[in-house]
Amino acid sequence: MTLVLTVDDIRHTELFADLDDRQLAWLGDTGRVVELADRQVLFEEGERATHFYVVLTGELIITKTIDGRSEIYGRRSGAGPAAGSILGVPADRSAAAHQFTGELPLLIGGDYVAGAAANGPTRLLALDRDAFFELLARCPQVWRVLLPALAWRIRTFESQAGRRSMLEGLGTLAAGLAHELNNPSAVLLGAANQLRAAVRELAGWSTRWGELAVPDEARELATTVTALLAGDGIQKPADALAAAEAVDDVDDWLSTRCGDDPANGELAAILADQGVGLPVLESLADSVRGSVLPAAVGCLSQSMHVEALVTDIEEAAARIAALVRSTKAYSNLDRAAKQQVDLVKGIEATLAMLAPKLSNVRIRRDYADLPPVPGYPSELNQVWTNLIDNAVDAMNGRGELRLAVHQEAGCAVVEVGDNGSGVPPDVLPKLFLPFFTTKDIGRGTGLGLHLTRDVITQRHHGSIDVTSKPGDTTFAVRLPIQGVLDHG
């Protein structure tokens, strides 16, 4: 419900404490009173901004949708908090800074960056866009509260977004690690379990072989195993059909030369899988007595099996170690905050962390040799994460991601491009504005690119630009190769 506004309604409001009677009279004639019932919505996040609101009595709850959840981002109250509670806002005006909302989207010509609803019966002063700008022109006293409060709000949002970005980065890190560690961990556990049984089998065959073989035969088998482990005589099957045929051939050979034995099938599968074919077996059969051939083949088979399992474990462990190195390179957990940064290494570490999201993305790299640049590696890696993540989103998870690093006029240039639908020309100038986002509500704070620009320009004294047309969007980051970092 909308009511007429009187001067008495606004005289007590701290935002207007310095206005004279003439200014208050104009405000009373121009503004409107809006009354809300408990939980009634004033405006929705993403709705086109049309009004500036001042809370006269009651309270507004400011909410923002993050990852599908509505989170409270602030409160606007007619009373306001205790004076002096806002850093950067004059102590006698800090309460006033909590009494109004809607100023930022009106100033930048955008949408409401959050939603607002009444917490109990609430009365508000409403000024439309034209009236809001006329207020600023007619009543310059208002600026003394509005500007510092606006700066404080942006810093607060940036701080919250920065913490969320850090948590999202840790979540990305954890998800990427969990995904990438799954396969080598499964191989490691499977190989370890098989190795226990294979060692027992090898011990049994070795005992039998030691009891039956004469020294020359023992030396011959040892020579054969050594050669095979070095790769001599190994013939791995080319495909699944060839592998099945190889198992059948070895199984038939074992039945003919060693007699029927339930273990033949398992031995044949191991030998064929390890590339031990009939020529090797025939050579072994020519070197030992027929009576000890089954023990020789069993010992050979299990020796190859154990070696293969050890190799699987080594490869899985090496993969896990590489993932740990990538994680450390991404997060720089063991390094000082400020250092000489290898940009390519940071980009590659970021790609490793984002691997699950890049499964349907082609990556084209064009890296030139560059000297390290002075920087904060963790912050730069978050920049690469933001830019790559945005590029993948722009391509709906499928397409070509282009990454280039080169030197230009004393600067290292990092380009992140995609072949998505592109950014409309009227949107391009707004990409780095705080709270501006092209993503659906709940999928972005509108601060990712704004914070990215701050990291590049304020912390690293560089620049970031974007060009876009359908099928070709490129963000170009320039960082001085020699420069002074921001120590703040």
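Everything in this summary refers to the structure shown in the same document. This one's a predicted model, so the numbers in the text were calculated from it and none came from an experiment.

## Let's talk about the overall build of the protein
Piece 1. For the protein, the count of helices and strands is 13 helices and 16 strands.
Piece 2. In the protein, buried positions account for 46% of the 488 residues.
Piece 3. Considering only intrachain contacts with a sequence separation of at least 6, the fraction spanning at least 24 residues in the protein is 75%.

## Digging into the nonpolar core
Generally speaking, a soluble globular protein has its nonpolar side chains buried in company with each other.
Piece 1. Counting 41 residues, the largest nonpolar core has Phe16, Leu27, Phe52, Leu135 and Val142 as the members making the most contacts within it.
Piece 2. Among the elements that make up this core, the one with the highest residue count is strand β4 (residues 51–57) (five residues).
Piece 3. Contact partners of valine 142, with chain neighbours within four places excluded, come to Leu15, Phe16, Leu19, Leu135 and Leu136.

## Points about helix α7 (residues 240–258)
Each turn of an α-helix holds 3.6 residues, which means side chains three or four residues apart point in the same direction.
Piece 1. Here α7 is 19 residues long and its end C-alpha atoms lie 26 Å apart, about the 27 Å a rise of 1.5 Å per residue gives.
Piece 2. When we look at burial in α7, the residues that qualify are Val250, Trp253, Leu254 and Cys258. Considered in projection along α7, the buried side chains sweep an arc of 100° and stay on one side of the axis. Opposite the packed face of α7, turned more than 90 degrees from it, sit the exposed residues Leu241 and Thr256.
Piece 3. Positive backbone phi, approximately 85°, marks glycine 259, located one or two places after α7.

## With respect to a negative patch on the surface
Piece 1. On the surface, Asp239, Glu245, Asp248, Asp249 and Asp252 cluster together into a negatively charged patch.
Piece 2. By the secondary structure assignment, aspartate 249 is in helix α7.

## Quick look at the pairing of strand β14 (residues 411–418)
Working note: regular strand, side chains alternate between the two faces of the sheet.
Piece 1. The buried count for β14 comes to six of eight residues, which makes it a mostly enclosed element.
Piece 2. Relative to β14, strand β13 (residues 399–408) runs antiparallel, the two being bridged by eight bridges. Note on β14: the bridge partner recorded for valine 405 is valine 414.
Piece 3. Pairing of β14 with strand β16 (residues 472–480) involves eight bridges; the strand directions are antiparallel.

## Overview of helix α8 (residues 264–273)
Piece 1. Regarding α8, the residues found buried are Asn264, Leu267, Ala268, Ile270, Leu271 and Ala272.
Piece 2. Downstream of α8 by a residue or two, glycine 275 has a phi angle that is positive, lying close to 80°.

## Notes on the pattern of salt bridges
Piece 1. Tallied over the full model, the rule gives 16 salt bridges.
Piece 2. The residue aspartate 389 makes a salt bridge to lysine 357 at a minimum N-O spacing of 2.3 Å. Of this pair, aspartate 389 sits in helix α12 (residues 377–394) while lysine 357 sits in the loop between α11 (343–353) and β11 (361–367), and the two are 32 residues apart along the sequence.
Piece 3. Accessibility expressed as a relative area gives 22% for aspartate 389, which makes it partly exposed.

## Looking at the packing of helix α6 (residues 215–229) against helix α9 (residues 278–287)
Piece 1. Two elements in contact, α6 and α9, have axes separated by 10 Å at closest approach and are oriented at 165°. As the angle between them shows, α6 and α9 are arranged roughly antiparallel. In this structure, the crossing between α6 and α9 has a hand that is right-handed. Taken together, the residues of α9 that come into contact with α6 (itself represented by Glu217, Glu220, Leu221, Thr224 and Leu228) are Val280, Leu284 and Ser287.

## Quick notes on unusual backbone geometry
Piece 1. Of note, the phi angle at arginine 39 is positive, near 70°, even though the residue is not glycine.
Piece 2. Of note, histidine 461 is a non-glycine position whose phi angle comes to about 55°, a positive value.

## Focus: the sheet that holds β13
Piece 1. One open sheet accounts for five strands, arranged β11-β13-β14-β16-β15; its pairing is mixed. Strands at the two margins of the open sheet, each flanked by one partner only, are β11 and β15 (463–469). The sheet shows a mean angle of 15° between the axes of neighbouring strands, taken without regard to direction.
Piece 2. The pairing of β11 with β13 spans seven bridges and is parallel. Its bridge partner being in β13, valine 361 is matched across the sheet by glycine 399.
Piece 3. Contacting β11, β13, β14 and β16, α11 runs over the sheet at an angle of about 170° to β11.
Piece 4. Across the sheet, α12 lies against β11, β13, β14, β15 and β16, angled at about 25° from β14, the strand it touches most.

## Regarding the packing of aromatic side chains
Piece 1. The final tally for this structure, using the stated rule, is five aromatic pairs.
Piece 2. Between phenylalanine 52 and phenylalanine 132, the aromatic rings sit 4.8 Å apart at their centres with planes inclined by 35°, giving tilted as the arrangement. Placement of phenylalanine 52 in strand β4 and of phenylalanine 132 in helix α4 (residues 129–138) is noted, with a sequence separation of 80 residues between them. Both residues of the pair, phenylalanine 52 and phenylalanine 132, belong to the buried class.
Piece 3. Between phenylalanine 132 and phenylalanine 133 the ring centres are 5.5 Å apart and the planes differ by 65°, which places this aromatic pair in the edge-to-face class.
Piece 4. A relative accessible area of 0% places phenylalanine 132 in the buried class.
Piece 5. The partly exposed category is assigned to phenylalanine 133, whose relative accessible area is 33%.
Piece 6. Geometry around tyrosine 376 places arginine 459 over its ring, the cationic atom sitting 4.0 Å from the centre.

Thresholds, definitions, all that
Residues numbered from 1 in each chain as written. Predicted model: local features only at pLDDT ≥ 70, side-chain atom pairs only at ≥ 80, totals over all residues. Heavy atoms only, no water. Helix = DSSP H or I, 4+ residues; strand = E, 2+ residues; numbered from the N terminus. Buried < 20%, exposed > 50% of the residue type's maximum accessible area, 1.4 Å probe, protein only. Contact = heavy atoms within 4.5 Å. Core = buried A, V, L, I, M, F, W, Y, C linked by side-chain atoms within 4.5 Å. Expected span 1.5 Å × (residues − 1). Arc of directions from axis to C-beta. Patch = residues over 30% accessible without salt bridge, like charges linked within 9 Å, V, L, I, M, F, W, Y side chains within 5 Å. Areas by Shrake-Rupley, 256 points an atom, 1.4 Å probe, with all protein chains shown as cover. Salt bridge = Lys/Arg side-chain N within 4 Å of Asp/Glu carboxyl O. Lys, Arg positive; Asp, Glu negative; His and termini not counted. Charge placed at Lys NZ, Arg CZ, Asp CG, Glu CD. Pairing = 2+ DSSP bridges. Axes fitted to C-alpha atoms, helices over the stretch in contact; angles between N-to-C directions. Parallel < 35°, antiparallel > 145°, perpendicular 65-115°, else oblique. Left-handed = near helix turned anticlockwise from the far one by under 90°. Phe/Tyr/Trp six-rings, centres within 6.5 Å; stacked < 30°, edge-to-face > 60°. Lys NZ or Arg CZ within 6 Å of the ring centre and 35° of its normal.

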